[in-house]
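Structural overview
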Amino acid sequence: MEPGPLYALELDGSEPLSATAVKAVAALCDRTEDRGGRPVVAVHVTGAPDGDWAEGLDIMLVTKWERALRRLERLPVATVAVARGDCGGTALEAFLAADVRVAAPDTRLLLPRDATATWPGMAGYRLVRLAGVARIRKALLFGRPVEAAEALALGIVDELTDDPAAAVAAVSELGGGVSGKEVAIRRQLMFEAATTGFEDALGAHLAACDRALRQGAGPEVAAL
């Protein structure tokens, strides 16, 4: 099957978190999940909030946003995020939730902070999972910007490029022959590998292997 259409979303991290941003991510997920085939989702992000960005927020809105990002992170398709310039707030959080992260050379990743500390959202969690505690400590504790070259070296960014459209097209081509549902299963196994012991992980991996074997054996066996 040929890859489906590429779905895209743009997020401006300089704007405060809002119900509109939550709905935009949810709508993207709806379109992707409702359509069959193998589309690739692209999220274009830029912008970082100023010091008073958290004014007016409440924990219910933050919870809805984190749930929307988790849904984006677990979509049954390949996802690619493209960053340029300063990226913080919603832009950084969506960027970190993608399977493939591409950045322009002028990109800087910024954890928002106010007069007291950096924002303790799930961006910090994802940064630690990607780069490790020691290498991302100053960014998490003090808000030190992570420059594009450093982000690449840390594994936070997969590719630096002046041609993000070409990078997105390459991801679309790479994922064109892969089932989105199977991508989601492999992604979940990958996430769990960092925190799950061998014996606990074995059952999930064997179930995925059995699923793959049944699919390869034809509809009669797969239906058993």
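Cut-offs used in this document
- Residues numbered from 1 in each chain as written.
- Predicted model: local features only at pLDDT ≥ 70, side-chain atom pairs only at ≥ 80, totals over all residues.
- Heavy atoms only, no water.
- Helix = DSSP H or I, 4+ residues; strand = E, 2+ residues; numbered from the N terminus.
- Buried < 20%, exposed > 50% of the residue type's maximum accessible area, 1.4 Å probe, protein only.
- Contact = heavy atoms within 4.5 Å.
- Areas by Shrake-Rupley, 256 points an atom, 1.4 Å probe, with all protein chains shown as cover.
- Axes fitted to C-alpha atoms, helices over the stretch in contact; angles between N-to-C directions.
- Parallel < 35°, antiparallel > 145°, perpendicular 65-115°, else oblique.
- Left-handed = near helix turned anticlockwise from the far one by under 90°.
- Nonpolar A, V, L, I, M, F, W, Y, C, P; charged D, E, K, R; others polar.
- Core = buried A, V, L, I, M, F, W, Y, C linked by side-chain atoms within 4.5 Å.
- Polar contact = N/O pair within 3.5 Å; in protein donor to acceptor, adjacent residues only side chain to side chain.
- Salt bridge = Lys/Arg side-chain N within 4 Å of Asp/Glu carboxyl O.

Here we take up the overall build of the chain. Regarding its fold elements, the chain presents 10 helices and seven strands. Out of the 224 residues belonging to the chain, those deemed buried represent 41%. For the chain, the proportion of contacts with a sequence separation of at least 24, taken over those separated by at least 6, is 72%. Accessible area for the chain stands at about 11,800 Å²; split by element, carbon and sulfur atoms hold 58% of it.

What follows concerns the packing of helix α1 (residues 19-34) against helix α2 (residues 59-73). Any two packed helices are characterised by how steeply their axes cross, that is the angle between the axes, and by the distance between the axes. Across the interface, α1 lies against α2 with an axial gap of 9 Å and an inter-helix angle of 25°. Judged by the angle between their axes, α1 and α2 are roughly parallel. Like other packed secondary-structure pairs, α1 and α2 cross with a definite hand, here left-handed. Along the contact surface, α1 presents Ala19, Ala21, Val22, Val25, Ala26, Leu28, Cys29, Asp30 and Glu33, while α2 presents Leu61, Lys64, Trp65, Ala68, Arg71 and Leu72. Looking at side-chain class alone, the contact of α1 with α2 contains 11 nonpolar, no polar and four charged residues.

Moving on, we get to the nonpolar core. Core analysis: the largest hydrophobic core is formed by 44 residues, its most contacted members being Val45, Leu72, Ile136 and Ile156. Tallying contributions element by element places α2 first for this core, with six residues. Once residues within four sequence positions are removed from consideration, isoleucine 156 is found in contact with Phe95, Leu96, Arg101, Leu109, Leu127, Leu130, Ala131, Ile136 and Ala151. Counting residues in hydrophobic clusters, the runner-up holds eight residues, among them Val80, Val82, Ala167 and Val171.

Relative to the helices and strands, threonine 79 is located in strand β3 (residues 78-88). Overall, threonine 79 belongs to the buried group, its relative accessible area being 2%. Here the side chain of threonine 79 touches aspartate 99 through a polar contact of 2.9 Å, landing on its backbone nitrogen. Once you skip the residues sitting within four places of it in the chain, threonine 79 turns out to touch Val41, Leu72, Ala97, Ala98, Asp99 and Val100.

For leucine 11, the location among the structural elements is in strand β1 (residues 6-12). Separated by 72 residues in sequence, leucine 11 and alanine 83 have C-alpha atoms that sit 9.9 Å apart. Dropping the residues within four chain positions of it, leucine 11 is found in contact with Val43, His44, Val45, Thr46, Trp65, Thr90, Ala91 and Ala94.

This paragraph deals with the pattern of salt bridges. Counted according to the given criterion, the structure contains six salt bridges. Arginine 71 is paired through a salt bridge with glutamate 33; the nearest N and O atoms lie 2.7 Å apart. A residue pair is termed long-range when its members are at least 10 positions apart, and arginine 71 in helix α2 and glutamate 33 in helix α1 qualify at 38 residues. What makes arginine 71 partly exposed here is its relative accessible area of 28%. The structure contains a network of salt bridges with shared partners spanning Asp30, Glu33 and Arg71.

Spatial relationships are all this shows, so hold off on functional conclusions.
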